[in-house]
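# Residue-level structural notes
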Amino acid sequence: MTQADDSRAAIEAHARAWLVRMRSGNATAEDAQAFRRWCDESPEHASEVRLLSETWTALDQVMAEIAVEDVNAERVASARRLSARQRTGRRAFIGFAVAAGASWLAVRPPLGLWPGIGELAADYRTGTGEQREVALSDRVVVDMNTQTRINLLPARAGQPPQHGIELLAGEAEIAAAAPAAAHVAGVNPVVVVAGPGRLLTDVGRFNVRLTGDAVCVTCMSGSVAIEHPRQQLTLTARQQLVYDARNVGQPVQVDTDGVTAWRRGMLVFNGQPLQTVIDEINRYRPGRIILRNAGLRNLNVQAQFALTHLDDAIAMICRYAGVHATRLPGSIVLLS
């Protein structure tokens, strides 16, 4: 470290110690006077105190939001163990952020900032902002979008080789070309297991996205058959359908250019709520953007952003919604 770095580190350490003392509940009037004198000694002292104070206040706000999330999570009996681990990790994150700024050591990812150990067991996975191509054969290719996990389906005894995947999370585009004429006989369709449904195609290209327990399937070309415990149907080009464990929606006509914009390195929003826009950006951008003004969540947004310039999206949202961005350690941004 340079002498200037040493000086800055010493000022930061003193500022942190003073703020801890003043927030402890045990500070005396003499402590307050001494703290004020230290702040007045130089502009650097006062600036560091202000920066740390603003950061801690913002972290307190994040902690309050996490507390609300925890209460809601506890109402879901099946998620009690998981939510307990999340709460521990999230509180650890707050401590690390205040003390170190960026040391992410917890096994369970706080705020979903990095993959948990269980997610690393998938056959193929992509990280935040990463895209990847997987060739299942010379005629079947899977393009994985950000934060996506897939497993290869096992071969069946006595059956021709099966080209298929299970989508565990995220989004993928599957392209199946026509087999060579000499190999038409005995070729199984491409199979994608997503949630409670199975998607099958002999020749076609389709996009499938799993968010929570909802699966959205969009057919770009050819056709894709959907086998669901409640219904079986077939989508053709430019049709989209959403299903979950309880329901199967009706096929609707869509503009597939918007669905596949991620393949061109773009995010396209046509009159979608601001909260949806932020949730989508969070899939591609490290860290987390948190919208603290609930009244703005349904504000319609018409915009498109390059995946390589998502910080520009934050600036645009601030101008459009009239909010202020507070940037915290770990690429967390509070919009308020």
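Report follows, based on the coordinates. (Residues numbered from 1 in each chain as written. Predicted model: local features only at pLDDT ≥ 70, side-chain atom pairs only at ≥ 80, totals over all residues. Heavy atoms only, no water.)

### Side note on the pattern of salt bridges
Per the counting criterion, the structure on display carries 11 salt bridges. Among the salt bridges present, the one from Asp244 reaches Arg246, with a minimum N-O distance of 3.2 Å. On the basis of relative accessible area, Asp244 is assigned to the buried category, the value being 14%. In this structure, Glu280 engages Arg283 in a salt bridge whose closest nitrogen and oxygen atoms are separated by 2.9 Å. Of the two residues, Glu280 and Arg283 are both situated in helix α6 (residues 274-284); the distance of 3 residues between them amounts to about one turn of the helix. Taking relative accessible area as the criterion, Arg283 reaches 11% and is therefore assigned buried. Connected through salt bridges with shared partners, the residues Asp143, Glu173, Arg205 and Arg263 form a single ionic network. (Salt bridge = Lys/Arg side-chain N within 4 Å of Asp/Glu carboxyl O. Buried < 20%, exposed > 50% of the residue type's maximum accessible area, 1.4 Å probe, protein only. Helix = DSSP H or I, 4+ residues; strand = E, 2+ residues; numbered from the N terminus.)

### A look at the nonpolar core
Taken as a class, soluble globular proteins show a tendency for nonpolar side chains to be buried jointly. In this structure, Leu199, Val208, Val217 and Tyr243 are the most contacted members of the largest nonpolar core, which totals 27 residues. Ignoring sequence-local partners within four residues, the contact set of Val217 consists of Leu199, Phe206, Asn207, Val208, Val224, Ile226, Leu235, Gln239, Gln240, Leu241 and Tyr243. By size, the runner-up hydrophobic cluster in this structure holds 24 residues, among which are Tyr284, Leu291, Phe305 and Ala313. (Core = buried A, V, L, I, M, F, W, Y, C linked by side-chain atoms within 4.5 Å. Contact = heavy atoms within 4.5 Å.)

### Quick word on helix α7 (residues 310-321)
Compared with the 16 Å implied by 1.5 Å per residue over 12 residues, the 16 Å span of α7 between its first and last C-alpha is a close match. What α7 keeps buried is the set Leu310, Ala313, Ile314, Met316, Ile317, Cys318 and Ala321. Looking at the buried residues of α7, the elements they touch are β13 (266-273), α6, β14 (288-291), β15 (300-306), β16 (325-328) and β17 (332-335). Positive phi shows up at Gly322, right after α7, with a value of about 70°. (Expected span 1.5 Å × (residues − 1).)

### Some points on the side chain of Thr146
With respect to the helices, strands and loops of the structure, Thr146 is situated in the loop between β3 (140-144) and β4 (149-152). In this structure the side chain of Thr146 is engaged in a polar contact, spanning 2.6 Å, whose partner is the backbone oxygen of Arg283. (Polar contact = N/O pair within 3.5 Å; in protein donor to acceptor, adjacent residues only side chain to side chain.)

### A closer look at the packing of aromatic side chains
The tally for this structure, following the rule as stated, stands at 1 aromatic pair. Measuring from centroid to centroid gives 6.0 Å for Phe269 and Phe305, while their planes differ by 55°, and the two rings are tilted. With Phe269 in strand β13 and Phe305 in strand β15, the pair connects residues that are 36 residues apart, well separated along the chain. Like Phe269, the residue Phe305 is buried in the burial classification. (Phe/Tyr/Trp six-rings, centres within 6.5 Å; stacked < 30°, edge-to-face > 60°.)

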